[in-house]
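Inside the fold
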Amino acid sequence: MGRLLWPLALVVTFCVGWAAAAFIGTGPAAVKEAQQHETVTRLQQQVDTLQARLRAREELAAVRQPGAGAPRFGAASASDERTSAPAAARDGRPQASPTPMPAVSSSPSRTTAVSPAQVQAALDRFYRYLETTNDSTAGRERWRQARELVDELRAMGPAAGHALMQVLSTGNDTDERRAAARLLGQLQVAQALPLLKDVIERDIDLLLRRAAAAGLRQLQTPESLPVLERLVAQPTEDRFVRLSAAVGLAESGRPLGVAGLTSIFDESTNDGRGRELAFRALANLKDERPLPFMRQLATSQAEPGYRLQAIRYLSAQGDQQALATLQTLAQAPNEQPSIRDAAAQAVSVINGGKK
């Protein structure tokens, strides 16, 4: 597959050169120059991402060869050396000196100059990550390798954020765009907010929109919270997009987050889509905010497993307001023995071990 994509890379590279001359004689000079620059930049970014993925595939294929050792992701590789070398040394063509490009940083108020070579090195790491997670032959080892690559991307700082945003904005492969969206959130690239928001609002690919919402949830910035609130408040929005938004708000201490999670739990009664995820997010808060929901759930007609977990949550929080309800459950002859026993134990715990 990788060898078949090399001709495609050559075609896209040719398009970069073609685009540079495509606008000659059309429109005002300023408009023509701006359009030309934008087109060439976008095509060049597509070439960079495609070449990075091809290198990652070739390196993974080499590792699979008999006698090959385990991949050393922490060490400098041949591809890193290629991306660090001047372009003229790689292909013999004269090149202008690379201009440092503005890049993202961990602080919205600060930007850092990042060189094209640094961005290319980050792209190589990203595509190694993508190929590793997609490699079904590696078993559990692939997840360890994937974690190492994420740590390397995090250590690369602004260059990694710039590379991931480039993949999300110019990539043609939905698999890599989804991975980039999730990693932008995992690495908490604050400057990715407008891009993630645009994907959620405009893209027609539902899985990509869900990945962008998951990334947006993890940003945890003041600027991202109003966006999450608008998503939760839209009842026609996809349930898993709203779920990610509600989790992000709940983790940030916003009341709308808990309300959104309880609403999603209730509306998923019939089809079950997102029900377990919504409950798990509420249970993971481990504070008093979900207590009203847990009290109601304990006496509801929901699945016994959810009721049992709700009773245990009330017990762990020492919820005095739930004592009367729990005592009733413990003595109800028509309740299942598991529910009665759990309620009785919760009453004992809340009362400090007294029967």
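Computed from a predicted model, the values in this text were never measured in an experiment.

Our next topic: the overall build of the chain. Within the chain, the regular secondary structure consists of 18 helices and two strands. Across the 355 residues that make up the chain, the buried fraction comes to 45%. Sequence-distant contacts in the chain: of pairs separated by 6 or more residues, those separated by 24 or more amount to 62%. Only carbon and sulfur atoms are counted for the fraction: they give 54% of the accessible area of the chain, which is about 18800 Å².

Attention now goes to helix 6 (residues 141-155). With 15 residues, helix 6 ought to run about 21 Å at 1.5 Å a step, and its terminal C-alpha atoms sit 21 Å apart, in line with that. Considered for burial, the residues of helix 6 that qualify are Arg-142, Gln-145, Ala-146, Leu-149, Val-150, Glu-152 and Leu-153. For helix 6, the angular spread of the buried residues around the axis is 160°, confining them to a single face. Projecting away from the buried face of helix 6 at angles above 90 degrees are the exposed residues Arg-147 and Ala-155. Buried residues along helix 6 sit against helix 5 (116-133), helix 7 (158-170) and helix 8 (174-186). Downstream of helix 6 by one or two residues, Gly-157 has phi in the positive range, about 65°.

Considered for burial, the residues of helix 9 (residues 193-202) that qualify are Leu-193, Leu-195, Leu-196, Val-199 and Ile-200. Buried residues along helix 9 sit against helix 7, helix 8, helix 10 (206-219), helix 11 (224-232) and helix 12 (239-251).

Oppositely charged side chains can form a pair if their charged atoms are brought close together. Counted according to the given criterion, the structure contains 20 salt bridges. For the salt bridge of Arg-144 with Glu-141, the shortest nitrogen-to-oxygen distance reads 2.1 Å. Of the two residues, Arg-144 and Glu-141 both sit in helix 6, three residues apart, roughly one turn of that helix. On the accessibility criterion, Arg-144 (33% relative accessible area) is partly exposed.

Moving on, we get to the side chain of Thr-170. Topologically, Thr-170 is positioned in helix 7. Exposure remark for Thr-170: the relative accessible area of 2% places this residue in the buried category.

What describes a pair of aromatic rings is the distance from one ring centre to the other and the angle between the planes of the rings. Scanning all chains against the criterion turns up five aromatic pairs. Between Phe-265 and Phe-279, the ring centres sit 6.1 Å apart and the planes meet at 45°, which makes this aromatic pair tilted. Residue Phe-265 is found in helix 13 (residues 255-267), and its partner Phe-279 is found in helix 14 (residues 275-283); the two are separated by 14 residues along the sequence. Given a relative accessible area of 2%, Phe-265 falls into the buried group. Of the residues examined, Phe-279 reaches a relative accessible area of 2% and is grouped as buried. Through a chain of ring-to-ring contacts, the aromatic side chains of Phe-265, Phe-279, Phe-293 and Tyr-306 assemble into a single cluster.

Contact geometry for helix 12 and helix 13: axes closest at 7 Å, N-to-C directions at 145°. In this structure, the crossing between helix 12 and helix 13 has a hand that is left-handed. Contacts between helix 12 and helix 13 pair Arg-239, Arg-242, Leu-243, Ala-246, Val-247, Leu-249 and Ala-250 from the former with Leu-256, Gly-257, Val-258, Gly-260, Leu-261, Ile-264 and Glu-267 from the latter. Of the residues contributing to the contact of helix 12 with helix 13, the split by class is nine nonpolar, two polar and three charged.

For the rest of this paragraph, the subject is the nonpolar core. In this structure, Phe-126, Leu-168, Leu-196, Leu-216, Leu-261 and Leu-326 are the most contacted members of the largest nonpolar core, which totals 82 residues. In contact with Leu-326, other than residues within four places in its own chain, are Ile-311, Leu-314, Ala-343, Ala-346, Val-347 and Ile-350.

Following both chains from N to C, one finds helix 16 (residues 304-316) and helix 18 (residues 337-350) inclined at 10°, their axes separated by 9 Å at the closest point. Between helix 16 and helix 18, the angle is such that the two are roughly parallel. Contact residues: helix 16 offers Pro-304, Arg-307, Leu-308, Ile-311, Leu-314 and Ser-315, while helix 18 offers Ser-338, Ile-339, Ala-342, Ala-343, Ala-346, Val-349 and Ile-350. Here the contact of helix 16 with helix 18 is composed, by residue class, of 10 nonpolar, two polar and one charged.

For the rest of this paragraph, the subject is the environment of Gln-186. Tracing the backbone shows Gln-186 in helix 8. On a C-alpha basis, the gap between Gln-186 and Leu-219 in space is 7.5 Å, while along the polypeptide they are 33 residues apart. Dropping the residues within four chain positions of it, Gln-186 is found in contact with Val-150, Arg-154 and Gln-218.

Positioned with a positive phi, Gln-188 is a non-glycine residue whose angle comes to about 55°. The class of Gln-188 is partly exposed, set by a relative accessible area of 42%.

With that settled, the discussion passes to the confidence of the model for the chain. The share of residues in the chain with pLDDT of 70 or more is 67%, and the mean pLDDT across the chain is 80. In the predicted structure, residues 1-6 sits below a pLDDT of 50 and forms eight contacts with residues beyond four places in sequence or in another chain. Confidence drops under a pLDDT of 50 for residues 68-110, and excluding neighbours within four residues, the segment shows 71 contacts in the predicted structure.

Rules behind the numbers
Residues numbered from 1 in each chain as written. Predicted model: local features only at pLDDT ≥ 70, side-chain atom pairs only at ≥ 80, totals over all residues. Heavy atoms only, no water. Helix = DSSP H or I, 4+ residues; strand = E, 2+ residues; numbered from the N terminus. Buried < 20%, exposed > 50% of the residue type's maximum accessible area, 1.4 Å probe, protein only. Contact = heavy atoms within 4.5 Å. Areas by Shrake-Rupley, 256 points an atom, 1.4 Å probe, with all protein chains shown as cover. Expected span 1.5 Å × (residues − 1). Arc of directions from axis to C-beta. Salt bridge = Lys/Arg side-chain N within 4 Å of Asp/Glu carboxyl O. Phe/Tyr/Trp six-rings, centres within 6.5 Å; stacked < 30°, edge-to-face > 60°. Axes fitted to C-alpha atoms, helices over the stretch in contact; angles between N-to-C directions. Left-handed = near helix turned anticlockwise from the far one by under 90°. Nonpolar A, V, L, I, M, F, W, Y, C, P; charged D, E, K, R; others polar. Core = buried A, V, L, I, M, F, W, Y, C linked by side-chain atoms within 4.5 Å. Parallel < 35°, antiparallel > 145°, perpendicular 65-115°, else oblique. pLDDT = per-residue confidence, 0-100.

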